[in-house]
Amino acid sequence: EDQVTQSPEALRLQEGESSSLNCSYTVSGLRGLFWYRQDPGKGPEFLFTLYSAGEEKEKERLKATLTKKESFLHITAPKPEDSATYLCAVHTNTGNQFYFGTGTSLTVIP
Amino acid sequence: DAGVTQSPTHLIKTRGQQVTLRCSPKSGHDTVSWYQQALGQGPQFIFQYYEEEERQRGNFPDRFSGHQFPNYSSELNVNALLLGDSALYLCASSRDSRYEQYFGPGTRLTVT
């Protein structure tokens, strides 16, 4: 069964304290893995797409990496404005389906 | 460049009623997907439309149906509303299903 699991569910960081969010997936065939940021009551905002193991993408304080079984979203020296829920999603080859994880709620304390 | 737009923003319906939600995709996008997001959960894939046809469907009952128009805009229809249908309904558009999806702000549906 195709599945996406994100950990931790919630994370509290001090401003400047770097950390990583995890997205592990079990799918029959991966077309792509996506990271989104979602603020309360709003639609997800696209961050990154990763297509193959070993691929890395960076944007400001965020860096996403991909292996054959999981992806990491590394946050370097976070700021309070990085507080949000970060969602991981996979697009599968079989059935052309999209599966989201339940997200990691990140709070960055000044 | 306007992003993905959805209407209405909020909606309150009574159990058993029917509802129609609307979505206009981002300029240049031809594929529209619909998601249901319950509070505290990740979005769940309902279905995807491309060239005015339903291309893929998630695990949702036939009460959920949709339509895509020649201008690529889309509608989501839900019949015989249940209390459990209360959620944020998200529309996402993409340039073909192979590429990243861009989401609209969502429609908050409350069923009483």
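Throughout what follows, the structure given in this document is the object of discussion. (Residues numbered from 1 in each chain as written. Chains lettered and ligands numbered in written order. Predicted model: local features only at pLDDT ≥ 70, side-chain atom pairs only at ≥ 80, totals over all residues. Heavy atoms only, no water.)

Section: the interface of chain B and chain A
So, step 1. Contacts between the two partners involve 23 residues from chain B and, on the opposite side, 20 residues from chain A.
So, step 2. Each partner contributes to the roughly 1600 Å² buried at the junction of chain B and chain A, and carbon and sulfur atoms together form 52% of this total.
So, step 3. Across the chain B-chain A interface, the total number found is zero salt bridges.
So, step 4. Viewed at the interface, chain A and chain B are joined by four residue pairs in polar contact (both at pLDDT 80 or more).
So, step 5. Sort the elements by how many residues they give to the side of chain B that touches chain A and strand S6 (residues 53-57) of chain B lands first, with three residues.
So, step 6. For the side of chain B that touches chain A, the class distribution of residues is nine nonpolar, ten polar and four charged. (Contact = heavy atoms within 4.5 Å. Buried area = accessible area lost by both parts, 1.4 Å probe. Salt bridge = Lys/Arg side-chain N within 4 Å of Asp/Glu carboxyl O. Polar contact = N/O pair within 3.5 Å; in protein donor to acceptor, adjacent residues only side chain to side chain. Helix = DSSP H or I, 4+ residues; strand = E, 2+ residues; numbered from the N terminus. Nonpolar A, V, L, I, M, F, W, Y, C, P; charged D, E, K, R; others polar.)

Quick look at the nonpolar core
So, step 1. Formed by 23 residues in total, the largest nonpolar core has its most connected members in A:Leu33, A:Trp35, A:Leu73 and A:Tyr86.
So, step 2. Of all the secondary structure elements, the ones that give two or more residues to this core are strand S2 (10-14), strand S3 (19-26), strand S4 (30-38), strand S5 (45-50), strand S7 (62-66), strand S8 (70-75), strand S9 (84-92) and strand S11 (104-109) of chain A.
So, step 3. Those residues in contact with A:Tyr86 that lie beyond four places of it in its chain are A:Gln6, A:Leu21, A:Trp35, A:Tyr36, A:Arg37, A:Leu47, A:Leu62, A:Leu73, A:Gly103, A:Thr104 and A:Leu106.
So, step 4. Of all hydrophobic cores here, the second largest spans 20 residues; its members include B:Cys23, B:Trp34, B:Tyr49 and B:Leu109. (Core = buried A, V, L, I, M, F, W, Y, C linked by side-chain atoms within 4.5 Å. Buried < 20%, exposed > 50% of the residue type's maximum accessible area, 1.4 Å probe, protein only.)

A few points about the packing of aromatic side chains
In this description, an aromatic ring pair is defined by two values, namely the gap between the centres and the angle between the planes.
So, step 1. Applying the stated rule across the entire model yields eleven aromatic pairs over all chains.
So, step 2. Each ring, one from A:Tyr36 and one from A:Phe46, has its centre 5.9 Å from the other, and the planes form 70°; the classification is edge-to-face. Of this pair, A:Tyr36 sits in strand S4 while A:Phe46 is found in strand S5, placing the two residues ten residues apart along the sequence.
So, step 3. Looking at A:Tyr36, the relative accessible area reads 2%, which means it is buried.
So, step 4. Residue classification places A:Phe46 among the buried positions, given a relative accessible area of 16%.
So, step 5. Summarising the aromatic geometry, the rings of A:Phe46 and B:Tyr102 are spaced 5.5 Å apart at their centres and angled 55° between planes, so their arrangement reads as tilted. Here the residue A:Phe46 occupies a position in strand S5, and B:Tyr102 occupies one in strand S10 (residues 102-103), the pair thus bridging two chains.
So, step 6. According to the relative accessible area criterion, B:Tyr102 is partly exposed, its value standing at 28%.
So, step 7. Taken together, the aromatic side chains of A:Tyr36, A:Phe46, A:Phe98, A:Phe100, B:Tyr35, B:Phe45, B:Tyr102 and B:Phe103 make up a single cluster linked through ring pairs. (Phe/Tyr/Trp six-rings, centres within 6.5 Å; stacked < 30°, edge-to-face > 60°.)

A few points about unusual backbone geometry
So, step 1. Residue A:Ser7 is joined to A:Pro8 through a cis peptide bond whose omega torsion reads -10°.
So, step 2. Looking at the secondary structure, you find A:Pro8 in the loop between strand S1 (3-7) and S2.
So, step 3. B:Ser7 connects to B:Pro8 through a cis peptide bond whose omega is -10°.
So, step 4. Relative to the elements of secondary structure, B:Pro8 occurs in the loop between strand S1 (5-7) and strand S2 (10-13).

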